[in-house]
Amino acid sequence: MIYLLSTQSLLDLLTGQPEMESWIEDKQARSVEISSVSIGQVLRQIHAETNVAERKELESAFEKLLMVFRAYRGVMPFDEPASKTWSTLCSMTLMHDSSVELSSESRMVVATALTRNATFVDANRPYHADLPSLDVENP
Amino acid sequence: MKLEMLAALPKLRTSEPSVLQDDLTRLLTEHMADQPVTIKGARDRFSEINRRAKEGYIQVIKGAPGQETVIVSLMDLAAMLHATATGVSLADALKISGFTPVRQKRLVLGEGMKTETELVLHKKEVKAKSIMAAGAQ
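Residues numbered from 1 in each chain as written. Chains lettered and ligands numbered in written order. Predicted model: local features only at pLDDT ≥ 70, side-chain atom pairs only at ≥ 80, totals over all residues.

Undergrad: Explanation requested: the overall build of chain B in the structure shown.
TA: Secondary structure summary: chain B contains seven helices and two strands in total. Pairs at least 24 apart in sequence give 49% of the contacts found in chain B among residues at least 6 apart. (Helix = DSSP H or I, 4+ residues; strand = E, 2+ residues; numbered from the N terminus. Contact = placed C-beta atoms within 7 Å.)

Right, here's the structure in full:
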């Protein structure tokens, strides 16, 4: 089984959220992937940090995290099949929560999970119900 | 031990001993931090070689092809056998890499789709404001 982390799950791994830390305990490193789009999303989030020391600490920790995914060839590109799936997702109303729609970048990550038939690791979100072919695991 | 080496172990071809030996040689060549040493060199600097092996740097004593000797710590040998037999969990891989989570606060990803309609409305709003500003002058 292949898992693909949502960008929020990747951020939770970076910041050591307990549910993600226990989720990775029994998952094979070679079975967990991330989307290259998530790298950009996480870096954008890190760059928005105003505290310089915190920002540098986050950058350094994220680089080590990426090193592990690279070692296991777990960074998935946003390729042609994913682009085609993404174009379909863009025509849908996909709610992240009750008032906010899923961003275009996050749709690219979801499209990558769908094209790889990967289980998407994410907290429960309303839009999951609109994508029956998306297999979701809530850590 | 280098994480890349542990990650590559389950992919080694084990169909034939000679094929496995070739793959191992290639893997060691790619990931070894220290150069192979001669028997004389190893004898002269054994304490240093032993220390490096304990620190996780595999040591190779030169020999005829296929007759080389490998010095590896018991801890690394256990990690290699474990990785080959069961793979490495993501939690263990992160520990080996030296990754430590940043435990300041939870970072929450900003969501929100900018639709075409929103963008058009925003443009119109900006244009209207600039017209109003020009009219006021």
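Undergrad: Explain the packing of helix α3 (residues 36-47) of chain A against helix α4 (residues 52-71) of chain A to me, please; I cannot follow it from the model alone.
TA: Axis angle and axis distance: for two packed helices, these are the angle between their axes and the distance between the axes, and together they describe the pair. Residue and element names in this part refer to chain A. In the contact formed by α3 and α4, the axes pass within 10 Å of each other and the chain directions differ by 165 degrees. Comparing their axes, α4 and α3 come out roughly antiparallel. Relative to α4, the crossing made by α3 is right-handed. Within the contact between the two elements, α3 uses Ile39, Val42 and Ile46 and α4 uses Arg55, Leu58, Glu59, Phe62 and Leu66. Its residues assigned to classes, the contact of α3 with α4 comprises six nonpolar, no polar and two charged. (Axes fitted to C-alpha atoms, helices over the stretch in contact; angles between N-to-C directions. Parallel < 35°, antiparallel > 145°, perpendicular 65-115°, else oblique. Left-handed = near helix turned anticlockwise from the far one by under 90°. Nonpolar A, V, L, I, M, F, W, Y, C, P; charged D, E, K, R; others polar.)

Undergrad: Got a minute to help me understand helix α6 (residues 90-97) of chain B in this structure?
TA: Turn by turn, an α-helix covers 3.6 residues, leaving residues three or four places apart pointing in a common direction. B:Leu90, B:Ala93, B:Leu94 and B:Ile96 are the residues of α6(B) that are buried. In a view along the axis of α6(B), the buried residues occupy a sector of 160 degrees, so they form one face of it. Buried-residue contacts for α6(B) involve β2 (32-35) and α4 of chain A together with α1 (3-8) of chain B. Following α6(B) by one or two positions, B:Gly98 has its phi on the positive side, about 90 degrees. (Buried ≥ 20, exposed ≤ 12 C-beta atoms within 10 Å, placed from the backbone. Arc of directions from axis to C-beta.)

Undergrad: I'm lost on the sheet that holds β2(A) in this one. Help?
TA: Across a sheet, paired strands are connected by hydrogen bonds in the backbone, their directions being either parallel or antiparallel. Residues and elements named next belong to chain A. The strand order across the open sheet built from five strands is β3-β2-β1-β4-β5, with neighbouring strands paired in parallel fashion. Edge positions in the open sheet fall to β3 (75-76) and β5 (136-137), since each of these has one partner strand only. Bridge count between strand β1 (residues 3-5) and strand β4 (residues 119-121): three bridges; the pairing is parallel. In the strand pairing of β4, Tyr3 is matched with Thr119. (Pairing = 2+ DSSP bridges.)

Undergrad: Help me understand the nonpolar core in this model?
TA: Among the nonpolar cores identified, the biggest contains 54 residues, and A:Leu4, A:Leu14, A:Ala29, A:Leu65, A:Val68, B:Leu6 and B:Ala93 are the most heavily contacted of them. Counting residues per element, this core draws most heavily on α4(A), at seven residues. Setting aside chain neighbours within four positions, we find A:Val68 in contact with A:Ala29, B:Leu3, B:Ala93, B:Leu94, B:Ser97 and B:Phe99. (Core = buried A, V, L, I, M, F, W, Y, C linked by C-beta atoms within 7 Å.)

Undergrad: For this particular structure, what's the right way to read unusual backbone geometry?
TA: Comment: phi is negative for the bulk of residues other than glycine, and the bulk of peptide bonds are trans. All names here are of chain A. A positive phi angle, near 50 degrees, is found at Arg73, a position not held by glycine. In this fold, Arg73 is placed in the loop between α4 and β3. Using a count of 11 C-beta atoms within 10 Å as the deciding quantity, one classes Arg73 as exposed. Although it is not a glycine, Asn117 adopts a positive phi angle of roughly 50 degrees. Topologically, Asn117 is positioned in the loop between α6 (104-115) and β4.

Shape is all these values report; function is a separate question.
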